[in-house]
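Spelled out from the first residue to the last, the chains are:
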Amino acid sequence: MPVTDVTDLYEEFGDERLPPGQHETSDFPVLSKGNTPTWDPENWSFRVSGAVDEELELSWDEFTDLPSVTQRQDFHCVTGWSRFDCDFTGVTFPELAERAGVHDDACHVMFTALDDYTTDLPLEDCMREEVLFAYGFDGDDLPAEHGGPLRVVTPHKYAYKGAKWVCGIEFLTEPERGFWEKRGYSVTADPWAEDRYS
Ligand SMILES: Nc1nc2c(c(=O)[nH]1)N[C@H]1C(S)=C(S)[C@@H](COP(=O)(O)O)O[C@H]1N2
Ligand SMILES: [Mo]
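Since this is a predicted model, take the numbers as computed values, not measurements.

Asker: It is not clear to me how the site of ligand 1 should be interpreted in this structure. Could you clarify?
Answerer: In the region of ligand 1, 21 residues are neighbours, and Pro-29, Lys-33, His-146, Arg-151 and Lys-164 sit closest. Between an oxygen atom of ligand 1 and a main-chain N or O atom of Pro-29, the distance comes to 2.7 Å. Here the shell around ligand 1 is composed, by residue class, of 14 nonpolar, three polar and four charged.

This is how it looks when you write it as structure tokens:
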């Protein structure tokens, strides 16, 4: 599959590819609030709910049958490390949103995960081709500790916006706060503005 390099998206937000206060690492550290959850491909499902024309419930086969892309992206953790050139394969957020038919009054999105993690973002920050529901990493299945079978990646935001083990999204007409956002982390989380805390 061809790889689309989107690592130049920083030009929209800042002058440097490496956001201020970050250092580059070639490692891929694991940051999880708890243990890696188990999953069963037979019983796994992905739910799209809230302010949509049609609520969706997709099986693993249905999800992985959706049109997919591979993108080269950078990954910025709020704790200070950035990893360049991660190749993620998956389904774009707009692709999924289009299938559900998002209502005009939706303004915010809540992501939910198998470990009860949640994170939220304004809808306009989600409606980008670079926001992926990723199941592949560097040509392989996404490793479980990095969110396999399915995680969100948000290369224009700090990585806590990317729910690992994601199993649902809800379109909201009023903002609600996710796990770290309730604990003082930024809702917008722009790495080039150093939006770390709110
Ligand atoms: N479900 C879930 N997603 C999560 C987390 C988590 O604890 N649970 N941690 C977040 C944080 S704080 C970061 S920095 C990234 C880390 O991703 P990584 O472990 O693949 O480096 O995942 C984010 N997504
Ligand atoms: Mo993080």
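Asker: For this particular structure, what's the right way to read helix α2 (residues 93–100)?
Answerer: Since the α-helix turns once every 3.6 residues, residues separated by three or four places project in the same direction. Listed as buried for α2 are Phe-93, Pro-94, Leu-96, Ala-97 and Ala-100. Seen along its axis, α2 keeps its buried residues to an arc of 160°; they face one direction. The opening residue of α2, the one whose side-chain oxygen lies 3.2 Å from the backbone nitrogen of Glu-95, is Thr-92. Directly after α2, the chain includes Gly-101, whose backbone phi takes a positive value near 75°.

Asker: Mind showing me how you'd approach the pattern of salt bridges here?
Answerer: Opposite charge on two side chains lets them pair, provided their charged atoms get close. If you walk through the whole model with that rule in mind, you get twelve salt bridges. Here Arg-177 and Asp-120 are joined by a salt bridge, their closest N and O atoms 3.1 Å apart. With Arg-177 in the loop between β12 (166–172) and α4 (179–182) and Asp-120 in strand β8 (residues 118–122), the pair connects residues that are 57 residues apart, well separated along the chain. Under the relative-accessibility criterion, Asp-120 is labelled buried at 0%. Several salt bridges converge on common partners, so that one network encompasses Glu-12, Arg-128 and Glu-130.

Asker: Is there a simple way to think about the packing of aromatic side chains in this case?
Answerer: Between two aromatic rings, the relevant description is the distance of the centres plus the angle of the planes. Scanning the entire structure with this criterion turns up 24 aromatic pairs. Here Trp-180 and Tyr-185 contribute two aromatic rings whose centre-to-centre distance is 5.2 Å and whose plane-to-plane angle is 70°, an arrangement assigned as edge-to-face. Members of the aromatic cluster, joined through ring pairs, are Trp-39, Trp-44, Phe-46, Trp-60, Phe-63, Phe-93, Phe-111, Phe-133, Tyr-135 and Phe-171. Lying over the aromatic face of Phe-84, Arg-17 brings its terminal NZ or CZ to 4.1 Å of the ring centre. Directly above the aromatic system of Phe-179 lies the positively charged group of Lys-33, at a separation of 5.3 Å from the ring centroid.

Asker: Would you explain the pairing of strand β9 (residues 132–137) in this entry?
Answerer: The side chains of a regular strand alternate between the sheet's two faces. In terms of burial, β9 is largely enclosed, as six of its six residues are buried. Bridge count for strand β6 (residues 81–92) against β9 is five bridges, and the pairing is antiparallel. Across the sheet, residue Thr-89 finds its bridge partner in β9, namely Gly-136. One ladder, built from three bridges, connects β9 with strand β11 (residues 151–153); its direction is antiparallel. If you follow Phe-133 over to β11, its bridge partner there is Val-152.

Asker: Quick question: what am I supposed to make of the nonpolar core here?
Answerer: One broad rule of soluble globular proteins: the nonpolar side chains tend to lie buried together. Counting residues in hydrophobic clusters, the biggest one holds 38 residues, and the most contacted among them are Phe-46, Phe-63, Phe-93, Phe-111, Phe-133, Ile-169 and Phe-171. If you list the elements that add at least two residues to this core, you get β3 (45–50), β4 (56–59), α1 (60–64), α2, β7 (108–113), α3 (123–126), β9 and β12. Looking at which element gives the most residues to this core, the answer is α2, with four residues. Not counting the four nearest positions on each side in its chain, Phe-93 is found in contact with Val-109, Phe-111, Leu-123, Cys-126, Met-127, Arg-128, Val-131, Phe-133, Ile-169 and Phe-171. Counting residues in each nonpolar core, the second largest holds twelve residues, with Cys-86, Phe-88, Val-153 and Ala-159 among its members.

Criteria and thresholds
Residues numbered from 1 in each chain as written. Chains lettered and ligands numbered in written order. Predicted model: local features only at pLDDT ≥ 70, side-chain atom pairs only at ≥ 80, totals over all residues. Heavy atoms only, no water. Near = heavy atom within 4 Å. Polar contact = N/O pair within 3.5 Å; in protein donor to acceptor, adjacent residues only side chain to side chain. Nonpolar A, V, L, I, M, F, W, Y, C, P; charged D, E, K, R; others polar. Buried < 20%, exposed > 50% of the residue type's maximum accessible area, 1.4 Å probe, protein only. Helix = DSSP H or I, 4+ residues; strand = E, 2+ residues; numbered from the N terminus. Arc of directions from axis to C-beta. Salt bridge = Lys/Arg side-chain N within 4 Å of Asp/Glu carboxyl O. Phe/Tyr/Trp six-rings, centres within 6.5 Å; stacked < 30°, edge-to-face > 60°. Lys NZ or Arg CZ within 6 Å of the ring centre and 35° of its normal. Pairing = 2+ DSSP bridges. Core = buried A, V, L, I, M, F, W, Y, C linked by side-chain atoms within 4.5 Å. Contact = heavy atoms within 4.5 Å.

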